[in-house]
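# Report on the structure
Next come the chains, spelled out residue by residue.
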Amino acid sequence: MNTYSIAHLAAIAYLNSKGLKAEGACKYVCDEGTADVVVKDGEVTVLVIVTAKRQRGEVKEPEFSYKRLQHIAMCFLVEHPEVDALRFHVIEALIGTGATVSVNALEGAYYWER
């Protein structure tokens, strides 16, 4: 049996719509946290954190910890010294009424370049 996260599926669809080939993308896990999706955007490696929440009221910028993104990025770079540029996106799947899902994304929440 396969189990799918609606948030993950929404994030994949969003990334694909931006020209990033996200089907079959891997996940990165370290002691500092998890990047739910890892894709390439040209020469830039893109790590993505995906969350889901119920949509209530006004849509605000996704919440995240800059320090957490930085720590995950540094762990990733230690394990992947070939990476010259890295960017983090934070994607929220907003679950609305009537089985709808919209995406609230913050692209470039963290950026590092050699």
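Here's what I pulled together on the structure shown here. (Residues numbered from 1 in each chain as written. Predicted model: local features only at pLDDT ≥ 70, side-chain atom pairs only at ≥ 80, totals over all residues. Heavy atoms only, no water.)

## What to know about the overall build of the protein chain
Note the cut-off: The helix count covers DSSP runs of H or I at least four residues long, the strand count covers runs of E at least two residues long, and both are numbered beginning at the N terminus. Only protein chains enter the accessibility calculation, which uses a 1.4 Å probe; a residue is then buried when its area is under 20% of its type maximum, exposed when over 50%, and partly exposed in between.
Broken down by element type, the protein chain carries two helices and five strands. Along its sequence from the N terminus, the protein chain presents helices and strands in the succession α-β-β-β-α-β-β. On the principal axes, the C-alpha backbone points of the protein chain span a range of 45 × 30 × 25 Å. Counting across all 114 residues of the protein chain, residues that qualify as buried make up 39%.

## Considering the environment of Glu113
The test is simple: Only heavy atoms enter the contact rule, under which two residues are in contact if any of them lie within 4.5 Å.
Looking at the element boundaries, Glu113 is found in strand 5 (residues 101-113). Among the residues examined, Glu113 registers a relative accessible area of 53% and is labelled exposed. Between the alpha carbons of Glu113 and Cys75 there is a distance of 15 Å; along the sequence they are 38 residues apart. Apart from residues no more than four positions distant in its own chain, Glu113 is found in contact with Asp84 and Ala85.

## Thoughts on the packing of aromatic side chains
Any pair of aromatic rings gets described here by the distance separating the centres and the angle formed by the planes. Inclusion rule: Stacked, tilted and edge-to-face are the three classes assigned to paired rings of Phe, Tyr and Trp, where Trp is represented by its six-membered ring and a pair needs centres within 6.5 Å; plane angles under 30 degrees give stacked, over 60 edge-to-face, the rest tilted.
Counting across every chain of the model gives two aromatic pairs. With a centroid separation of 5.0 Å and 85° between ring planes, the pair formed by Tyr28 and Phe76 is classed as edge-to-face. Separated by 48 residues along the polypeptide, Tyr28 in strand 1 (residues 26-30) and Phe76 in helix 2 (residues 66-79) bring together distant segments of the chain. A relative accessible area of 6% places Phe76 in the buried class.

## Some remarks on the sheet that holds strand 4 (residues 85-95)
Spelled out, the test is: Should DSSP find at least two bridges between two strands, the strands are taken to pair. Each axis is a line fitted through C-alpha atoms, and for a helix only the stretch in contact is used; angles between axes span 0 to 180 degrees, taken between their N-to-C directions.
Strands sit in the order 1-2-3-4-5 across an open sheet of five strands; the sheet is mixed. Two strands close off the open sheet at either side, each with one partner strand: strand 1 and strand 5. Within this sheet the neighbouring strands show an average axis-to-axis angle of 30°, counted without direction. Across five bridges, strand 2 (residues 33-41) lies against strand 3 (residues 44-54) in antiparallel orientation. Across the sheet, the residue bridging to Asp41 is Val44, located in strand 3. Running at roughly 125° to strand 4, helix 1 (residues 6-17) makes contact with strand 2, strand 3, strand 4 and strand 5 of the sheet. Running at roughly 60° to strand 5, helix 2 makes contact with strand 1, strand 2, strand 3, strand 4 and strand 5 of the sheet.

## With respect to the pairing of strand 5
Judged from the ten bridges that link them, strand 4 and strand 5 form a sheet pairing that is antiparallel. Bridge pairing links Val90 to Leu106 in strand 5. Between strand 4 and the antiparallel strand that follows it, strand 5, lie five residues; Gly98 among them carries a positive phi value of about 70°.

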